[in-house]
Number of protein chains: 2
Amino acid sequence: MTFQRVAIIGLGLQGGSIGLAVQAYLPDVVTTGYDRDAITRTRAAERRLVHKVCDTAAEAVADCDLVIFCVPLGAMGIAAEQVRAALPADALVSDVGSSKQVVAKALGEALPDHVIIPAHPVAGTENSGADAGFAELFRNRWCIVTPPPQTNLVKLSQLVAFWEALGANVEIMDADHHDLVLAVTSHLPHLIAYTIVGTASDLEEVTQSEVIKYSAGGFRDFTRIAASDPTMWRDVFLSNRQAVLTMLQRFTEDLTALQRAIRIGDGETLFNHFARTRATRRSIIEEGQDDARPDFGRADHRADHRTDPKPADS
Amino acid sequence: MTFQRVAIIGLGLQGGSIGLAVQAYLPDVVTTGYDRDAITRTRAAERRLVHKVCDTAAEAVADCDLVIFCVPLGAMGIAAEQVRAALPADALVSDVGSSKQVVAKALGEALPDHVIIPAHPVAGTENSGADAGFAELFRNRWCIVTPPPQTNLVKLSQLVAFWEALGANVEIMDADHHDLVLAVTSHLPHLIAYTIVGTASDLEEVTQSEVIKYSAGGFRDFTRIAASDPTMWRDVFLSNRQAVLTMLQRFTEDLTALQRAIRIGDGETLFNHFARTRATRRSIIEEGQDDARPDFGRADHRADHRTDPKPADS
Ligand SMILES: NC(=O)c1ccc[n+]([C@@H]2O[C@H](COP(=O)([O-])OP(=O)(O)OC[C@H]3O[C@@H](n4cnc5c(N)ncnc54)[C@H](OP(=O)(O)O)[C@@H]3O)[C@@H](O)[C@H]2O)c1
Ligand SMILES: NC(=O)c1ccc[n+]([C@@H]2O[C@H](COP(=O)([O-])OP(=O)(O)OC[C@H]3O[C@@H](n4cnc5c(N)ncnc54)[C@H](OP(=O)(O)O)[C@@H]3O)[C@@H](O)[C@H]2O)c1
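Calculation criteria
- Residues numbered from 1 in each chain as written.
- Chains lettered and ligands numbered in written order.
- Predicted model: local features only at pLDDT ≥ 70, side-chain atom pairs only at ≥ 80, totals over all residues.
- Heavy atoms only, no water.
- Pairing = 2+ DSSP bridges.
- Helix = DSSP H or I, 4+ residues; strand = E, 2+ residues; numbered from the N terminus.
- Contact = heavy atoms within 4.5 Å.
- Axes fitted to C-alpha atoms, helices over the stretch in contact; angles between N-to-C directions.
- Near = heavy atom within 4 Å.
- Polar contact = N/O pair within 3.5 Å; in protein donor to acceptor, adjacent residues only side chain to side chain.
- Areas by Shrake-Rupley, 256 points an atom, 1.4 Å probe, with all protein chains shown as cover.
- Nonpolar A, V, L, I, M, F, W, Y, C, P; charged D, E, K, R; others polar.
- Buried < 20%, exposed > 50% of the residue type's maximum accessible area, 1.4 Å probe, protein only.
- Arc of directions from axis to C-beta.
- Least-squares fit on C-alpha atoms with pLDDT ≥ 70 in both.

1. Some remarks on the sheet that holds strand S3 (residues 52-53) of chain B
Residue and element names in this part refer to chain B.
Here's step 1: Strand order in the open sheet formed by 5 strands is S3-S2-S1-S4-S5, with parallel pairing between adjacent strands. Two strands close off the open sheet at either side, each with one partner strand: S3 and strand S5 (92-95).
Here's step 2: With 4 bridges connecting them, strand S4 (residues 66-69) and S5 associate as parallel partners. Within S5, the residue paired with phenylalanine 69 across the bridge is aspartate 95.
Here's step 3: This element, helix H4 (residues 76-83), spans strand S1 (5-9), S4 and S5 of the sheet and lies at about 150 degrees to S4.

Here is the structure:
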């Protein structure tokens, strides 16, 4: 590892997890951090997310050789401008943003004289903020690095080594391909989950209390990702608009075909479609990208999980 | 508890779980069982899912005072006909089918002289078959009982007590309202999950291996329910067609509205929608219907979960 001092801008789920992971797996590296929210800074200091929480972004980056922007996509440009004057000339600039073409552009405009290599750890939970981070977040997860065409190969290999040290498996990809892949594996699933949870909230025939009570039939799986941070996800859809709309178009076509099969009572089409999708789950589990236990290993209906198994309103 | 002998027809996830739960929580009740699949019967006997696995449905119900049909929705009528001659006149007939109007009709036609009170435990996993059941499946879950208008109230209260003894909370509802509620909390989520997993399998621009690798960004949540049994789910959509199509229509309208917001860059509409859906998750957790831990408590990226954190193909 050749980075000695890593600055983290934004101390929420991603920034906090990086800070904790560096301390756990790269104990010789010094970490500094900054967040625009004073309450987040205080909490970050209490949780020791980084060695030193600074009061300004300039102070946080003053001596660093790597700065990682861990702010919402819409804030990347501003956050980068705030460090321009203080950032050492040879510091590598990176980020963790969920869409990559837009971020590359924003960072490039704000820091035209620095080497910039964007990255995206495909790892997260539905939680955000200074309390959400944990050191193991990136373990057994992929981190996609999207270097521009002519990049500094030494710094690229340092960045790859950095993420590998945090437990991630690194893949290198063009930013535009990244945005297409993530549109289907992450952005479209979130859009659909947000939609159905909204639909279920607006029904007249079925009460909200019924939706919640009987959510174990499948609905609850969607509510987890539909509880993700609204700012982050607004920014994702605004910044990866084209790829998301493309994938949404395909999804709608497929949904229309299944709708038709239901309407005309075509059981064979339904069965064949449903039989095909099992293999995907199997592969995901084989590749270590999900928990193989039934129900993701949830413990909520196990006898020992709650002292009183009765819901509050019964 | 006034049932002494319970017969279970179909020894998969539901039938097996009922058998194990009765033995765990109602140790005085004798259970018999039958499944049309000989391999399932053998495995059921090995796992002791019921006290006695019988070679015919007639033998299984011969002395029972409660028979519960735990077969796919499309097989309810046939399974009921197979016991008609052998079923004691005063035995209560019930089932666990996921849609209720169609089942009430099928059981009523096959067993016109018996008291029939359908039920639906809103509890399941993505697994099926003789190995899938476990005694705690129904704990802290709702079981919806859908008695016909003029029912035998003594038998109704016995059935309620039976499900409560297995750890469930019982709700009584009309069959048609049940079918509407479940269309939104279970059937529509499954349809959408099956659709998106199919969509992701058919892309030319993004490989299947990429979809699997980066599934932790949200997609993997959908693959779990899209790995559910194809026969069961074909039957659900064929048997609850009208309610599913109604709910699907609402969903499509809402998705179109969000699609438009993305297309025109209306961040405010997106943010407001995304902020609204968080409350639903909170209620589900407060009412004990999901695991509150981040990521459903998945352990797949924890350091101690896998000995080798590297995916196989890296
Ligand atoms: N969550 C995920 O699952 C996930 C996964 C992969 C990548 N990402 C990406 O990671 C980035 C951060 O996400 P997160 O989940 O860590 O969000 P988060 O928990 O909300 O943390 C972001 C933090 O950045 C702060 N911030 C905003 N503007 C800033 C600025 N100009 N300077 C310094 N701090 C600023 C925010 O403060 P305020 O609260 O005051 O705005 C907040 O504390 C996003 O770009 C997202 O796309 C997220
Ligand atoms: N899975 C869930 O999450 C869930 C939740 C609530 C309710 N339900 C309902 O529960 C019922 C059973 O579902 P499950 O998940 O337990 O399915 P399962 O694990 O596939 O078990 C069903 C069993 O019934 C057998 N069977 C089929 N026709 C039969 C007949 N005429 N006589 C005797 N056995 C027969 C099947 O054998 P073959 O394999 O040879 O067909 C299979 O072994 C369905 O009506 C479903 O709607 C399911």
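The discussion continues.
2. Here's the deal with the site of ligand 1
Residues and elements named next belong to chain A.
Here's step 1: Residues in close proximity to ligand 1 total 29 residues, the closest being Gln14, Asp35, Val71, Ser98 and Gly129.
Here's step 2: Contact between ligand 1 and glycine 129: an oxygen atom at 2.8 Å from a main-chain N or O atom of the residue.
Here's step 3: Burial of ligand 1 by the protein chains amounts to 87% of its free accessible area of 900 Å².
Here's step 4: The set of elements that each furnish at least two residues to the shell around ligand 1 consists of helix H1 (13-25), helix H4 (76-83) and strand S6 (119-121).
Here's step 5: Residue composition of the shell around ligand 1, grouped by class: 14 nonpolar, 12 polar and 3 charged.

3. Concerning helix H13 (residues 278-286) of chain B
Here's step 1: The complete set of buried residues in H13(B) reads Thr280(B), Arg281(B) and Ile284(B). Along the axis of H13(B), the buried positions cluster into a sector of 100 degrees, meaning they face one direction only. Pointing more than 90 degrees away from the buried face of H13(B) are the exposed residues Arg282(B) and Glu286(B).
Here's step 2: The secondary structure elements touched by the buried residues of H13(B) are helix H7 (175-201), helix H8 (208-213) and helix H9 (220-225) of chain A.
Here's step 3: Once H13(B) ends, the next one or two residues include Gly288(B), with phi positive near 75 degrees.

4. Notes on the relation of the copies chain A and chain B
Here's step 1: Mapping chain A onto chain B calls for a screw motion: a turn of 180 degrees about the axis and a shift of 0.0 Å along it, with 0.0 Å RMSD after fitting. These values place the two chain copies in the arrangement generated by a two-fold rotation axis.
Here's step 2: Both copies contact each other with a shared surface, as 99% of the interface residues of chain A are interface residues in chain B too.

5. Overview of the site of ligand 2
Residue and element names in this part refer to chain B.
Here's step 1: Neighbouring ligand 2 are 29 residues, the closest being Gln14, Asp35, Val71, Ser98 and Gly129.
Here's step 2: Backbone polar atom of glutamine 14 to an oxygen atom of ligand 2: 2.8 Å apart, as the coordinates give it.
Here's step 3: In this structure, serine 98 approaches ligand 2 through a side-chain N or O atom, which is 2.6 Å from an oxygen atom.
Here's step 4: Those elements that place two or more of their residues in the shell around ligand 2 are helix H1 (13-25), H4 and strand S6 (119-121).

6. Digging into the environment of Ser201(B)
Here's step 1: Within the element layout of this structure, Ser201(B) appears in helix H7 (residues 175-201).
Here's step 2: By relative accessible area, Ser201(B) is classed as partly exposed at 29%.
Here's step 3: In sequence terms Ser201(B) and Thr185(B) are 16 residues apart; their C-alpha atoms lie 25 Å from each other.
Here's step 4: When residues no more than four places from it in sequence are discounted, the contact partners of Ser201(B) are Arg276(A), Thr280(A) and Gln208(B).
Here's step 5: A polar contact is formed between the side chain of Ser201(B) and the backbone oxygen of Val197(B), at a distance of 2.8 Å.

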